[in-house]
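# Observations on the model geometry
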Amino acid sequence: MKAHIRSKMSGMPPSSSPRRILLCGYYGEHNLGDDALLEVLSGQLPQGWQPWITGHDASAIRAIIPNGKVVNRRSLRSVLKSIKQVEVVVLGGGSLLQDSTSFRSLVYYIIVILVALGRRKPVLLWGQGLGPLRHASSRFLVSCILNGATSITWRDTASMQLAKRIGIKTLMSAAPDPVWTHQMNEYQGGGNIVLCWRPTRLLTTNSWSLLLQAVDQLSESSGRSVTWFAFHTNQDVNLLETLERKGLVPKRLASKSNTIIAKNIDHAQEIFSSAGLVIAMRLHALILSIVSQCPTTGLSYDPKVEAAAETANVPWLDLSHLPSLGKVLEQWRECMSQPPSEKRLQHIQEQAYEHERILRLTLARLIK
């Protein structure tokens, strides 16, 4: 894969024996958002650090980091064993510390951090989102372990505020998601309407029908076909087929639709750079579309999507409180003629480099 991320800061001189650093995240699970985070993180590592990466599909990870060593993230035993052999552990991006997916997932990362701290390995949180933490026990556990972290950067102020509320006193900072630093593409425009949608329990049958009618009418009035872009392969690839089986997709829309699986970051930016409009539920699809200068609107199933859209001043809709069909169409039609502000994007990118600054500063201090 072509490297997109170029550090704005000088790296440390390489040592004769590279220092090993464990990058812990939801990598190699065919979710392009997490792989985008890994690509950015690997590009921000100073020279002299050898990345070990927790992941599932080793070939997908090596396509991003050819020299990386892959540790099976689905084997907690393998991950804990690898901690013995590295100098630093980094929780790299995403919302790893949350209990909405499952309490088991939260416990997984808590054990990883506890073992690292027990072995006196510095633990860094990079570009993390915090929560939801629905249970008091979750908040207590997270508060206890994160007060042992060496440094923390959050991807939004809401995460940092939650951290403070539950009693985390480690030095922290907040900046826009690291994926905002991805290289801007030259926008070509004029192509398909691209849907980066995911299954969600927030949408009732009537809500799905409303959104699909809006896409159908927008497609017809603009003369554009519709690309269903599966950003998370396992979750998104069958969404169009599922909705068709339920009889929710208008026949006219079905005839103009096709599904494409996101292969890698280059592929995503190629799709976004030529799109006429991107309607994104996926957080990092929204970010990469805006970085590609494409007219973009968000559908928020989670506050993180709303926060990213607000950061870039692009329109969005709350999936739990959808307006009328007419209002949805009005927003999307206006958005098609209003590409994101390049000046605002540059400002966001400057802020997002805070994650790199803290990462490099912390690693430099650890080797002194």
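Residues numbered from 1 in each chain as written. Predicted model: local features only at pLDDT ≥ 70, side-chain atom pairs only at ≥ 80, totals over all residues. Heavy atoms only, no water.

Attention shifts here to the sheet that holds strand β8 (residues 193-196). Strand order in this open sheet of six strands is β10-β9-β8-β11-β12-β13, and the pairing throughout is parallel. Strands with a single pairing partner mark the edges of an open sheet, and in this sheet they are β10 (257-261) and β13 (316-318). Within the sheet, the average angular offset between the axes of one strand and its neighbour, ignoring direction, is 20°. Here strand β9 (residues 226-230) runs beside β10; their pairing, made up of five bridges, is parallel. Among the inter-strand pairings, T227 is bridged to a residue of β10, identified as N258. Set on the sheet, helix α12 (residues 283-291) makes contact with β8, β11 (277-280) and β12 (296-300); between it and β12 the angle comes to about 170°. The sheet contacts of helix α14 (residues 325-336) involve β11, β12 and β13, and relative to β12 the element is tilted by about 145°. (Pairing = 2+ DSSP bridges. Helix = DSSP H or I, 4+ residues; strand = E, 2+ residues; numbered from the N terminus. Axes fitted to C-alpha atoms, helices over the stretch in contact; angles between N-to-C directions. Contact = heavy atoms within 4.5 Å.)

Now for helix α11 (residues 265-273). Among the nine residues of α11, seven are classified as buried, and the element is accordingly described as predominantly covered. Listed as buried for α11 are I265, H267, A268, Q269, I271, F272 and S273. Where α11 is buried, its residues meet α1 (32-44), β8, β9, β10, β11 and α12. One side-chain oxygen at the N-terminal end of α11 lies 3.2 Å from the backbone nitrogen of D266; it belongs to N264. (Buried < 20%, exposed > 50% of the residue type's maximum accessible area, 1.4 Å probe, protein only. Polar contact = N/O pair within 3.5 Å; in protein donor to acceptor, adjacent residues only side chain to side chain.)

On to the layout of surface pockets, then. Roughly 1700 Å³ of internal volume is contained in the largest pocket. For the lining of the largest pocket, the secondary structure elements donating two or more residues are α1, β4 (88-97), α4 (103-118), β5 (123-130), α6 (157-165), α12 and α13 (303-312). With six residues, α4 is the single largest residue contributor to the lining of the largest pocket. Looking at the lining of the largest pocket residue by residue, the class counts come to 17 nonpolar, 17 polar and 14 charged. Empty space within the second largest pocket amounts to approximately 240 Å³. Together, 15 residues line the second largest pocket, and R155, D156, T157, A307 and T311 are the ones closest to its centre. Elements with a minimum of two residues in the lining of the second largest pocket: α6, α12 and α13. It is α13 that contributes the most residues to the lining of the second largest pocket, four residues altogether. (1 Å grid on protein atoms, 1.4 Å probe; cavity = no way out; pocket = protein on both sides within 12 Å on 5 of 7 lines; lining within 4 Å. Points joined across faces, edges and corners; volume = space filled by probe spheres on them. Nonpolar A, V, L, I, M, F, W, Y, C, P; charged D, E, K, R; others polar.)

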